[in-house]
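Spelled out, the chains give:
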Amino acid sequence: MKRKLESTSAPPPSPKGYRRQDPVSCEFCRKKKLKCDRNHPCGSCSARGLSCSYGIYGPAASPSEQRNIDSGRSPNLTSSTSSMAQTPQKKTKNLSTPRNDPLTTADWLETIVMGHRIPSAMPIPLRNDITQNRANQPDSGQATISGNLLTLIRDGNLPSCQNPATIHLLSLLPSEPEALGMLSYYFNHLDYQYHLIVAHRTERDILAIYENASNNQPVNLGHLALLFSIIASAIFYQLLPTESVDIADRCSGEAAFLAGAALIQANYIAYPTLEGLQATMIISHHLSCLTFSPTISPFFIHGSLINQAQSLGLHVLDSASQIEERKANGYDRAEVELKRRLWWDLASYDWLIGFLSGPQQWTYRIQPSHMNVWRPLNIEDEEIETCDTAQPMSKPTCMSYAHHRLRLAEVCRQIVDQIGPEHLQGADVPYEKILDLDRKLHNAHAELPVFFRYDQHARREFSELYRERPMLAWQRAFIQQGYHSRLCRLHRQYFVRGARDPRYSYSHVVSLQSARKVLEVKRIMDEEEPLFAPNSSFFWAVMHHVFMAAVTLLIDVCFNWDDILAEKRKEEVLEACRMLSRAQQTSSIAREGINAMMGILRKHWKQERQLPPPQESMNPETASHPSIFPVPSDMQPAKNLYVSSEQDLSATTHSFDFANPAADIPLEDLWSEMLNNSAHSGLNTPEWMDMLTELNNTTGICEQA
């Protein structure tokens, strides 16, 4: 709670009331338990656009001097995006993110319904101060747009309550500087994941909206939909660090509704446009966790995106007839290249989710033999209107990540083709197939350019490049996690068996190596420069990869509890758990997802302890002592051990209600309890697989590579 400052006329407090040391962190960092750099404003507050206050103290200032320091202002995001589009690396060079922001996971978010949101832990007075601070900063697009939508929501004047076909969209437009600020935020912080826009072209379209509106001329509704989709995505990630998920969800949902309303008024289904497709793809990719109004939600379904692209002819863009037509009539070089980018993004996404849990698992919609589209060129955006020659893949560009994400997607499509039939029929996949697909994944991973690798040599060689173009460092993290999480998933069926059967030991070793790599990459995201902005924990795929990696290590401890390195392995699991705990404390998205996953783990652990001792394995000595039962043979590779149910089993159950997912128990305590009693686990291999399946089959679709 906030400490109230004593008035100057109040009597001095007793000596025992003084702190031993004056606080050196600002108020926000102390409340959030973040590491404060003690500047004014500090890095944490600057990244969040908050007022940075040290209370009655301050960095290198006397108490009286510190009271007069003006509060820090958020970075100005409303500068023109012309220079941003020309030199994006310079725009992103100064971004910073707090080091202790959360980590979580999303293989489980493929299956967890994110409908019920958990309120933010931020005190209401502080949240109101932040909102007031935004209202007093009209020059910041980030602040004012968010404030306007917050006001609409709190006043109950929701755009989504109106008819989308008749709503007056221009009256809900932000100011031109605010719109350009949103575009700047989106391009610098989100676009690197999918690269669905060309900044200078999109800026031109936005400026045309305001010019036409000021001249009372018709506005292109496709451009309007694209603008609102950018606002919807930017607002969501801007608000997450300071507001509850519910507020960020509703603000973003209202902006997405306006994008959908623009598409409805443009009769987009009958007359699709390239800008309309960009708008729907932006919302579908970045805001898949949201629940949209039923009137607009069909626009953002994956199958609908493919239909829209096919209506525009993107799947036959480079067929013989299309090439002849372009030669005869001329064409916009940048528009054709943008279409290639959008189509291959859809194809990559389609093939990636075929190897992820959910209703789309083991299938995909885009058949390679049913399309004719050239690969997009490996060039920078500035060259898209003039260049016909691609740069070598060894040279980093804004399209490097898209190409290597596509390479991973192609291997995932091959995995679905080869082992999908066995999974759909409930049969075991022959181990030879697993090894063959493992080689394909490793071969594709070996093709990554040096600047996308995580060895020490590459990190030193390209450290300056990562500082200048942080999006390359972030893309490197995404692609590495993408490969290693797929290796874990590929070997999952034989992971537990490999802990006991030497024939499958390779699967066990590869799964552990990949899980550890996923956790290492996440640690580097959080602790080393350049830091993510927004924090990587807000992206579903990163959350998913980390949680499942932690579960993989937990299962390994349970099957190797008597190993000579058991204690070291337990500490490894607890370190991953601490990462998840930090995420719970700072991100309500992380808190909600982790609680849902822990409900599944608790359920299986309770079922395990309720298993009756197998009567046929009890010898006369055991039968005469009902308080003693043997550890199941599946869990004892060396010798038969006995556990006292009065002593050890009581320690196992402790005071935790494992069946209650909502129980307010520290995450680390729960995992410690499971680790300490891993030798008593009664789950056999099929039951472990059931638990993994349930962890993966809880909701929608993971959004990243």
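Residues numbered from 1 in each chain as written. Predicted model: local features only at pLDDT ≥ 70, side-chain atom pairs only at ≥ 80, totals over all residues. Heavy atoms only, no water.

The protein chain goes by Transcriptional regulator family: Fungal Specific TF in an unreviewed UniProt entry, where it is assigned to Penicillium citrinum.

(A) Highlighting the overall build of the protein chain. Looking only at helices and strands, the protein chain features 29 helices and two strands. Residue pairs at least 24 apart in sequence account for 75% of intrachain contacts in the protein chain once pairs closer than 6 positions are excluded. Surface exposure of the protein chain reaches about 30,000 Å², of which carbon and sulfur atoms provide 51%. (Helix = DSSP H or I, 4+ residues; strand = E, 2+ residues; numbered from the N terminus. Contact = heavy atoms within 4.5 Å. Areas by Shrake-Rupley, 256 points an atom, 1.4 Å probe, with all protein chains shown as cover.)

(B) View of the pattern of salt bridges. In this structure the tally under the stated criterion is 28 salt bridges. Measuring nitrogen to oxygen at the nearest pair gives 3.7 Å for the salt bridge that ties Asp 332 to Arg 201. Linking Asp 332 in the loop between helix H14 (320-329) and helix H15 (333-353) with Arg 201 in helix H9 (residues 199-214), this pair joins segments that are 131 residues apart in sequence. Overall, Asp 332 belongs to the partly exposed group, its relative accessible area being 35%. The partner of Glu 572 in a salt bridge is Arg 516, with the nearest N and O atoms 2.5 Å apart. Of this pair, Glu 572 sits in helix H24 (residues 566-586) while Arg 516 is found in helix H22 (residues 505-527), placing the two residues 56 residues apart along the sequence. By relative accessible area, Arg 516 is classed as partly exposed at 32%. Three or more residues are tied together by salt bridges with common partners; here these are Asp 318, Arg 326, Glu 337 and Arg 340. (Salt bridge = Lys/Arg side-chain N within 4 Å of Asp/Glu carboxyl O. Buried < 20%, exposed > 50% of the residue type's maximum accessible area, 1.4 Å probe, protein only.)

(C) Broad picture of the packing of helix H12 (residues 274-286) against H15. Where H12 meets H15, the closest approach of the two axes is 12 Å, and the angle between their N-to-C directions is 30°. With respect to the hand of their crossing, H12 and H15 are arranged in left-handed fashion. Across the interface between the two elements, Leu 274, Leu 277, Gln 278, Met 281 and His 285 from H12 touch Glu 335, Leu 338, Lys 339, Leu 342, Asp 345, Leu 346 and Tyr 349 from H15. When the residues that make up the contact of H12 with H15 are grouped by side-chain class, the tally is seven nonpolar, two polar and three charged. (Axes fitted to C-alpha atoms, helices over the stretch in contact; angles between N-to-C directions. Left-handed = near helix turned anticlockwise from the far one by under 90°. Nonpolar A, V, L, I, M, F, W, Y, C, P; charged D, E, K, R; others polar.)

(D) Broad picture of the state of the cysteines. What the rule picks out here adds up to zero disulfides. No disulfide involves Cys 36; its nearest neighbouring cysteine sulfur is the one of Cys 42, lying 4.0 Å away. (Disulfide = S-S within 2.5 Å.)

(E) Local environment of helix H28 (residues 667-676). In terms of residue burial, H28 counts as a mostly covered element, since seven of its ten residues are buried. Restricting attention to buried positions, one finds in H28 the residues Leu 667, Leu 670, Trp 671, Ser 672, Glu 673, Met 674 and Leu 675.

(F) Summary view of the packing of helix H10 (residues 221-239) against H12. Look at H10 against H12: their axes get within 7 Å of each other, and the N-to-C directions meet at 15°. Classified by the angle between their axes, H10 and H12 sit roughly parallel to one another. Relative to H12, H10 is oriented so that their crossing is left-handed. Across from Gly 222, His 223, Ala 225, Leu 226, Ser 229, Ile 230, Ser 233 and Tyr 237 in H10, the residues of H12 making contact are Glu 275, Gly 276, Gln 278, Ala 279, Ile 282, Ile 283 and His 286. The residue makeup of the contact of H10 with H12, split by class, is seven nonpolar, seven polar and one charged. (Parallel < 35°, antiparallel > 145°, perpendicular 65-115°, else oblique.)

(G) Molecular detail of the nonpolar core. Ranked by internal contacts, the top residues of the largest apolar core, which has 123 residues, are Trp 351 and Ile 415. In terms of residue count, H10 provides more of this core than any other element does, 13 residues in total. (Core = buried A, V, L, I, M, F, W, Y, C linked by side-chain atoms within 4.5 Å.)

(H) View of the packing of aromatic side chains. According to the stated counting rule, one finds 16 aromatic pairs in the structure shown. Look at Phe 451 and Phe 462: their rings are 6.2 Å apart centre to centre, the planes differ by 75°, and that puts the pair in the edge-to-face class. Placement of the pair is Phe 451 in the loop between helix H17 (431-446) and helix H18 (456-461) and Phe 462 in the loop between H18 and helix H19 (463-468), with a sequence separation of eleven residues. Accessibility assignment for this pair places Phe 451 and Phe 462 in one class, buried. Sitting above the plane of the Tyr 331 ring, Arg 326 keeps its charged end 5.6 Å from the centroid. One cation-aromatic arrangement involves Arg 413 over Trp 351; the distance from NZ or CZ to the ring centre is 4.5 Å. (Phe/Tyr/Trp six-rings, centres within 6.5 Å; stacked < 30°, edge-to-face > 60°. Lys NZ or Arg CZ within 6 Å of the ring centre and 35° of its normal.)

(I) A look at the confidence of the model for the protein chain. Overall, the predicted model of the protein chain reaches an average pLDDT of 75, with 66% of residues at or above 70. When pLDDT is averaged over each element of the protein chain, H17 comes out on top at 97 and strand S1 (residues 628-630) at the bottom at 29. Taken as a whole, residues 1-21 scores under 50 in pLDDT and shows six contacts with residues more than four places along the chain or in a different chain. (pLDDT = per-residue confidence, 0-100.)

(J) Structural detail: the side chain of Glu 380. Among the structural elements, Glu 380 can be located in the loop between H15 and helix H16 (400-425). What makes Glu 380 buried here is its relative accessible area of 18%. In this structure the side chain of Glu 380 is engaged in a polar contact, spanning 3.2 Å, whose partner is the backbone nitrogen of Cys 398. Reaching out from Glu 380, the side chain makes a polar contact with the side chain of Arg 469 at a distance of 3.0 Å. Beyond its immediate stretch of four places on either side in the chain, Glu 380 contacts Arg 341, Pro 396, Thr 397, Cys 398 and Arg 469. (Polar contact = N/O pair within 3.5 Å; in protein donor to acceptor, adjacent residues only side chain to side chain.)

(K) Focus on unusual backbone geometry. Residue His 195 is not a glycine yet carries a positive backbone phi of 50°. Inspection of the secondary structure assignment puts His 195 in the loop between helix H8 (176-189) and H9. Taking relative accessible area as the criterion, His 195 reaches 8% and is therefore assigned buried. Positive phi values are uncommon outside glycine, yet Asn 267 reaches one of about 55°. In this structure, Asn 267 sits in the loop between helix H11 (245-265) and H12. Residue Asn 267 is classed as partly exposed on the basis of its relative accessible area of 40%.

(L) Main features of H12. In this model H12 runs 18 Å from its N-terminal to its C-terminal C-alpha over 13 residues, within 8% of the 18 Å that 1.5 Å per residue would give. Where burial is concerned, most of H12 is hidden: 13 out of the 13 residues are buried. (Expected span 1.5 Å × (residues − 1).)

(M) Expanded view of the environment of Leu 406. Along the chain, Leu 406 falls in helix H16. Its relative accessible area of 3% is what places Leu 406 among the buried residues. Once the C-alpha coordinates of Leu 406 and Arg 375 are considered, the two residues, 31 residues apart in sequence, prove to be 9.8 Å apart. Excluding its chain neighbours within four sequence positions, the residues that come into contact with Leu 406 are Trp 344, Ser 348, Trp 351 and Arg 375.

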